[in-house]
Amino acid sequence: MRIRIIAVGTKMPDWVEQGYAEYAKRMPRECVVEMVELPLAQRTKNTDIAKAMEKEGESMLAMIGKGEQVIVLDVKGKSWSTEQLAENMASWKMSGSNYCLLIGGPDGLAPACLALASAKWSLSALTLPHPLVRILVIEQLYRACTILQNHPYHK
């Protein structure tokens with residue numbers, strides 16, 4: 001199974017790159033995770049936010065591979081426990097499909113991205129900084145894999 005995290009935003013601070021890399025290298029061979037970074041649409045004080053989000057959404061949609069299932073990270077999505085994520089990942093693996101997790105920019109995801117989603121996942125009702133979301137997502141994917149492998153990490 002391959003999971004691609006498609007995220008708006010580039011040039012992350014070193015601590016984000018290091019945190020993400022630490023968990024990405026721990027992922028088992030049967031669950032390949034790839035990070036795809038897309039540039040943030042230019043914003044000024046007069047920017048039409050809807051147009052910026054639409055531009056980011058178009059870039060995200062262009063990166064989704066044929067047949068990939070889309071899961072969006074959205075504050076209005078369903079909250080999953082780590083155990084539920086593990087169950088979902090087991091189901092994803094059995095489906096034979098590859099998956100894309102979409103992380104929007106500072107204003108969220110474009111409506112077109114939300115409409116394409118087969119699931120909407122909320123990490124928290126809190127507003128989280130997007131760089132931190134990347135680390136949380138990869139760590140939770142790793143943790144879910146350890147549950148599926150009966151590895152003691154989760155305990």
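It should be noted that the structure appears before, not after, this text.
Computed from a predicted structure; not experimentally measured.

Looking now at the packing of aromatic side chains. Applying the stated criterion to the full structure yields four aromatic pairs. Consider the rings of Trp80 and Trp121, whose centres lie 4.9 Å apart with planes at 15°: the pair is stacked. Pair noted here: Trp80 is in the loop between strand E3 (69–79) and helix H3 (82–95) and Trp121 is in strand E5 (residues 119–122), with a separation of 41 residues, a long-range link. Ring-pair connections join several aromatic residues into one group, and the members of that group are Trp80, Trp92, Tyr99 and Trp121.

In this structure, the largest pocket occupies an estimated 400 Å³ of space. Forming the walls of the largest pocket are 21 residues, and the residues nearest its centre are Leu73, Asp74, Val75, Leu128 and His130. A per-element tally of the lining of the largest pocket places E3 first, with three residues.

This part is about the packing of H3 against helix H5 (residues 130–148). The geometry of H3 relative to H5 is characterised by a closest axis approach of 8 Å and an angle of 75° between their N-to-C directions. Here H3 lies roughly perpendicular to H5, going by the angle between them. Here Thr82, Glu83, Leu85, Ala86, Met89 and Ala90 of H3 lie close against H5, whose contacting residues are Gln140, Leu141, Arg143, Ala144, Cys145, Ile147 and Leu148. The residue makeup of the contact of H3 with H5, split by class, is nine nonpolar, two polar and two charged.

Let's shift gears to the environment of Val75. Residue placement: Val75 occurs in strand E3. Distance in space between the C-alpha atoms of Val75 and Leu85 is 16 Å, their sequence separation being 10 residues. With near-sequence residues (within four places) excluded, Val75 lies in contact with Ser122, Ser124 and Ala125.

Topologically, Arg4 is positioned in strand E1 (residues 2–8). By relative accessible area, Arg4 is classed as buried at 7%. Ignoring sequence-local partners within four residues, the contact set of Arg4 consists of Glu34, Val36, Met63, Ile64, Gly65, Glu68, Tyr99, Cys100 and Leu101.

About the criteria used
- Residues numbered from 1 in each chain as written.
- Predicted model: local features only at pLDDT ≥ 70, side-chain atom pairs only at ≥ 80, totals over all residues.
- Heavy atoms only, no water.
- Phe/Tyr/Trp six-rings, centres within 6.5 Å; stacked < 30°, edge-to-face > 60°.
- Helix = DSSP H or I, 4+ residues; strand = E, 2+ residues; numbered from the N terminus.
- 1 Å grid on protein atoms, 1.4 Å probe; cavity = no way out; pocket = protein on both sides within 12 Å on 5 of 7 lines; lining within 4 Å.
- Points joined across faces, edges and corners; volume = space filled by probe spheres on them.
- Axes fitted to C-alpha atoms, helices over the stretch in contact; angles between N-to-C directions.
- Parallel < 35°, antiparallel > 145°, perpendicular 65-115°, else oblique.
- Contact = heavy atoms within 4.5 Å.
- Nonpolar A, V, L, I, M, F, W, Y, C, P; charged D, E, K, R; others polar.
- Buried < 20%, exposed > 50% of the residue type's maximum accessible area, 1.4 Å probe, protein only.

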